[in-house]
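This is what each chain is made of:
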Amino acid sequence: MADELARALSFVHGFARRKAPVVAPVPGGFAVLDERYPMSHDDNKLVVWSGRPGPVLAAAEERLAGLGHRLVCVDDDRLGQEFRPAFAAAGYGHETNVVMAFRGARPAVPAVATEPLTLEELLPVLREEWRESLPQASPGVVDGLAARAAARVSGADRVEFHAVRAPGGQIAAHADLYVHEGVAQIENVYTLERHRGQGFARALLTALLAATAGAELTFLVADAADWPREFYARLGFEPVGHTHAFLRT
C-alpha cells in the first residue's frame, strides 16, 4: 500500500511539474505557476510534503502574489493534519482527498467503447461542465477554466481525453487518462447533469480500466467527503492514503 501511494504521488508531482511553465522551490516542496490561467487553482499552487506551516504560508503569499487564490496541497497525511490549525487561523479552508488504487478484476472487453476526443472537441464539453458547476461564473472565467486542458498534454507520455455518448449522440460523460512510466491516472471524471443516473460513468470507467490493463498501477484521487469515492470502490478501487488541500480565495 505504501509503495502504491508513493508511486501515485510521484506521478502527480511529475505531472504537475511537466505541464507547468514555471516550477519554483518552496520550503518542503515546490510551486507551479501558469500565467496563462490565473484563475486556475490547479495550475497555480504549492505542493509540499514536509516542513512547518509558517514558512509554507509565507511561501504561498510570495509565490502566488497577484492571484485571487492561495492553494497549498500537502501530500502527507500526518503533516496535513498538523497544518490544519495554522492554516485555519490564516483563513484557509480544508479538504481531504483519498488516493485510490485499482485492485479489482479488469474487464477484458468493455461493454461500451469510449470515443477519444481532440482538444477542440473537448472544449465545448468542458464549457458546459463549468457552466453547470459554476452557474454564476462569467463567460471569461468559463472559457479560461476550459482552455487550461491544453496544458495537460505535456504532463505525461500519454494524455488522452475519453468520452461516451448517449443514444442521441450527445457526449454524456468524459474523463482524462494519463499514462507515464507504467503508471496510469484517471482524472476529471464528469457526467453532464442531464445524463446522470444512467450508467454512463460506469461504462466510461470500465472502458478505461480495460485500456490500462498493462499499467503497473492505475489510480485516481477523490474527495474523501463526497459520494464518488463509494462509486469508485464498487468498481475495484481501494484507498491507499490521504492528502490535504488548503484553499483561500
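In this report, we go over the structure that sits alongside the text. Keep in mind that this is a model prediction, so the values were computed, not measured.

Notes on the overall build of the protein
So, step 1. Along the protein, the regular secondary structure elements total seven helices and 11 strands.
So, step 2. With respect to the principal axes defined by its C-alpha atoms, the protein has extents near 55 × 45 × 30 Å.
So, step 3. For the protein, with 249 residues in total, the buried portion stands at 47%.
So, step 4. Sequence-distant contacts, at least 24 apart, represent 67% of the contacts inside the protein between residues at least 6 apart.
So, step 5. Total accessible area on the protein stands at roughly 11,400 Å², and carbon and sulfur atoms take up 53% of it.
So, step 6. Once the 25 positive and 31 negative side-chain charges of the protein are each reduced to a mean point, those two points are 1 Å apart.

Overview of helix H5 (residues 139-147)
So, step 1. Listing the buried residues of H5 in full gives Val 142, Gly 144, Leu 145 and Ala 146.
So, step 2. Packing partners of the buried residues in H5 comprise helix H4 (119-133).

Concerning the packing of helix H2 (residues 53-63) against helix H3 (residues 77-89)
So, step 1. For the pair H2 and H3, the least separation of the axes is 10 Å and the interaxial angle reads 50°. The pairing of H2 with H3 is recorded here as oblique in orientation. Relative to H3, H2 is oriented so that their crossing is right-handed. For the pair H2 and H3, contact is made by Pro 53, Val 56 and Leu 57 and by Phe 83, Ala 86 and Phe 87, respectively.

Regarding the side chain of His 13
So, step 1. Looking at the secondary structure, you find His 13 in helix H1 (residues 2-19).
So, step 2. With residues up to four places along the chain from it excluded, the contact list for His 13 reads Phe 30, Val 47, Trp 49 and Asp 75.

Overview of the pairing of strand E4 (residues 70-74)
So, step 1. Judged by how many residues are buried, E4 sits mostly within the fold: five of five residues are covered.
So, step 2. A two-sided burial pattern is seen for E4, the buried positions comprising Arg 70, Val 72 and Val 74 on one face and Leu 71 and Cys 73 on the other.
So, step 3. Note on the crossover from strand E3 (residues 45-48) through H2 to E4: the handedness is right-handed.
So, step 4. Judged from the five bridges that link them, E4 and strand E11 (residues 237-248) form a sheet pairing that is antiparallel. Its bridge partner being in E11, Leu 71 is matched across the sheet by Leu 247.

Here's the deal with the environment of Gln 198
So, step 1. Looking at where Gln 198 falls in the secondary structure, it is placed in the loop between strand E9 (183-191) and helix H6 (200-211).
So, step 2. Residue Gln 198 is classed as partly exposed on the basis of its relative accessible area of 48%.
So, step 3. The sequence separation of Gln 198 and Ala 166 amounts to 32 residues, and the corresponding C-alpha distance is 9.2 Å.
So, step 4. Only 3.5 Å separates the side chain of Gln 198 from the backbone oxygen of His 195, close enough to count as a polar contact.

Definitions and limits used
- Residues numbered from 1 in each chain as written.
- Predicted model: local features only at pLDDT ≥ 70, side-chain atom pairs only at ≥ 80, totals over all residues.
- Heavy atoms only, no water.
- Helix = DSSP H or I, 4+ residues; strand = E, 2+ residues; numbered from the N terminus.
- Buried < 20%, exposed > 50% of the residue type's maximum accessible area, 1.4 Å probe, protein only.
- Contact = heavy atoms within 4.5 Å.
- Areas by Shrake-Rupley, 256 points an atom, 1.4 Å probe, with all protein chains shown as cover.
- Lys, Arg positive; Asp, Glu negative; His and termini not counted.
- Charge placed at Lys NZ, Arg CZ, Asp CG, Glu CD.
- Axes fitted to C-alpha atoms, helices over the stretch in contact; angles between N-to-C directions.
- Parallel < 35°, antiparallel > 145°, perpendicular 65-115°, else oblique.
- Left-handed = near helix turned anticlockwise from the far one by under 90°.
- Right-handed = clockwise from strand over helix to strand, strands pointing away.
- Pairing = 2+ DSSP bridges.
- Polar contact = N/O pair within 3.5 Å; in protein donor to acceptor, adjacent residues only side chain to side chain.

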